[in-house]
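Residue strings, one per chain:
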Amino acid sequence: MGGVRLEAITWERLGDLLADRLLDLEPDDGGSRPRVAFDGAPAARPGDLARRVAEALRLRGRPSLVVGTEGFLRPASLRFEYGHEDVEAYYDGWFDVPALWREVFGPLEPGGTGRVLPDLWDPATDRATRSPYSELPPGGLLLLHGPLLLKNWFPFDLTVHVRLSPGALRRRTPEGEHWTLPAHERYEAEADPAATADVLVRADDPRHPAWNG
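Scope of this entry: the structure provided in the associated data block. For clarity, every value in this text was computed on a predicted model and none was experimentally measured.

Pairing in this open sheet of seven strands is mixed, and the strands run E1-E11-E10-E9-E2-E8-E3 from one edge to the other. Pairing within the sheet leaves two strands with one partner each, and these edge strands are strand E1 (7-8) and strand E3 (64-68). As judged from the five bridges shared by E3 and strand E8 (residues 141-146), these two strands associate in the parallel manner. Paired with Val66 across the strands is Leu143, a residue of E8. Across the sheet, helix H2 (residues 46-59) lies against strand E2 (35-39), E3, E8, strand E9 (158-163) and strand E10 (199-202), angled at about 165 degrees from E8, the strand it touches most.

Written out as C-alpha cells, the structure reads:
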C-alpha cells in the first residue's frame, strides 16, 4: 500500500469514472469483448459496483454482461467434503474454475461465439440452474464479480479490487461466515490484490469509498 494515492469519492461518481474508462478498453488478446474483474470479499459487495458500472455503461450506449462467481459454486458434496468450515476448501475448492473458463471466458476469446452462461449452479437448491445463454455482442464487456478472482490467472483486461481493512471485513462479515476470514487474509498475503489490481477501491466507509485508478 506504500505510495498509493487514494482519492475520496462517491459510489455514483466511481461508477461513472469506471464506465468512462471502460469505453476505450480493448482486449489484450485481439478479441472484441473486454473482460473486467470486480474482485472483493462478499462483505465488500463487489457485485454492487459491477452492476452500477453496467448501468453507467448502458447509459453510454455500451453493452455489458454482469456475471457473479456465486453462480459457479461447486456442488455441496464437493464444497463440504472436508466439513462445512474448511478454510482450504473455501480458498481452492468452492468455485468451479474450469466451468468459468469453459462457459464464461472461452466464448469471449477471439473468434468466440459470445454466448456466455450467466450461472451454472444454484447453491440454495444444490442443483443446476439451467439458465439460458446470454449473447454478448462484439464490443460488449464482461463484468465478472466475486472473491479471490486474481489468483486464478483469468484473462482480465482490467481488474478492480474492492478492499476492506481487516477490521471492517470482520465487522461486515456475518458471524456465521467468520471462518472464511483466514482465506481472505491468505489471499491478501499471496495474491496482493491491492497492489496488483489496476484500480483499488477502499470501501471501509460504505458511503464514501476511496479509490486509486
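That covers the picture; the talk isn't over yet.
With 31 residues, the main nonpolar core has Leu22, Phe38, Leu49, Val53, Leu143 and Val201 as its most contacted residues. Those elements giving two or more residues to this core turn out to be helix H1 (11-22), E2, H2, E8, E9, helix H6 (166-172) and E10. Per-element accounting of this core gives the leading share, six residues, to H2. If sequence neighbours within four positions are ignored, Phe38 has contacts with Leu18, Pro46, Leu49, Ala50, Val53, Leu143, Leu144, His145, Gly146, Leu149 and Val160. With 17 residues, the next largest nonpolar core counts Ala37, Val67, Phe154 and Phe156 among its residues.

With six of its six residues buried, E8 lies for the most part within the structure. Side-chain alternation along E8 places Leu141, Leu143 and His145 on one buried face and Leu142, Leu144 and Gly146 on a second face that is also buried.

Turning next to the side chain of His145. Locating His145 in the fold gives a position in strand E8. Setting aside anything within four residues of it in sequence, one finds His145 in contact with Phe38, Pro46, Gly47, Ala50, Arg51, Val66, Val67, Gly68, Thr69 and Glu70.

Turning to the environment of Pro193, a few remarks are in order. The topology assignment puts Pro193 in helix H8 (residues 193-196). Residue classification places Pro193 among the buried residues on the basis of a relative accessible area of 0%. When the C-alpha atoms of Pro193 and Val160 are compared, they prove to be 8.9 Å apart, with 33 residues separating the residues in sequence. Among all residues touching Pro193, those that are not within four sequence positions of it are Asp39, Leu150, His161, Tyr187 and Glu188.

Here the focus is unusual backbone geometry. The residue Arg45 is not glycine, and still its phi comes out positive at about 55 degrees. With respect to the helices and strands, the residue Arg45 is situated in the loop between E2 and H2. A positive phi is found at Asp126, a non-glycine position, where the angle reads about 55 degrees. With respect to the helices and strands, Asp126 occurs in the loop between strand E5 (121-122) and strand E6 (127-128).

This paragraph deals with the pairing of E10. The two faces of the sheet receive side chains in turn, since in a regular strand these alternate between them. Two elements, E9 and E10, share four bridges in a ladder whose sense is parallel. The residue bridging Val162 from the neighbouring strand is Val201, located in E10. By the bridge criterion, three bridges tie E10 to strand E11 (residues 210-212) in an arrangement that is antiparallel. Looking at E11, one finds that Leu200 is bridged to Asn212.

Evaluation of the coordinates by the stated rule reveals nine aromatic pairs. On the basis of an interplanar angle of 70 degrees and a centroid distance of 5.1 Å, the ring pair of Tyr90 and Trp94 is categorised as edge-to-face. Each member of the pair, Tyr90 together with Trp94, is buried. Ring centres of Tyr90 and Trp179 lie 5.7 Å apart, and the angle between their planes is 75 degrees; on these two criteria the pair is classed as edge-to-face. Of this pair, Tyr90 sits in helix H4 (residues 87-93) while Trp179 sits in the loop between H6 and helix H7 (181-191), and the two are 89 residues apart along the sequence.

Procedures and definitions
Residues numbered from 1 in each chain as written. Predicted model: local features only at pLDDT ≥ 70, side-chain atom pairs only at ≥ 80, totals over all residues. Heavy atoms only, no water. Pairing = 2+ DSSP bridges. Helix = DSSP H or I, 4+ residues; strand = E, 2+ residues; numbered from the N terminus. Contact = heavy atoms within 4.5 Å. Axes fitted to C-alpha atoms, helices over the stretch in contact; angles between N-to-C directions. Core = buried A, V, L, I, M, F, W, Y, C linked by side-chain atoms within 4.5 Å. Buried < 20%, exposed > 50% of the residue type's maximum accessible area, 1.4 Å probe, protein only. Phe/Tyr/Trp six-rings, centres within 6.5 Å; stacked < 30°, edge-to-face > 60°.

Remember, this is a structural readout, not a statement about activity or role.
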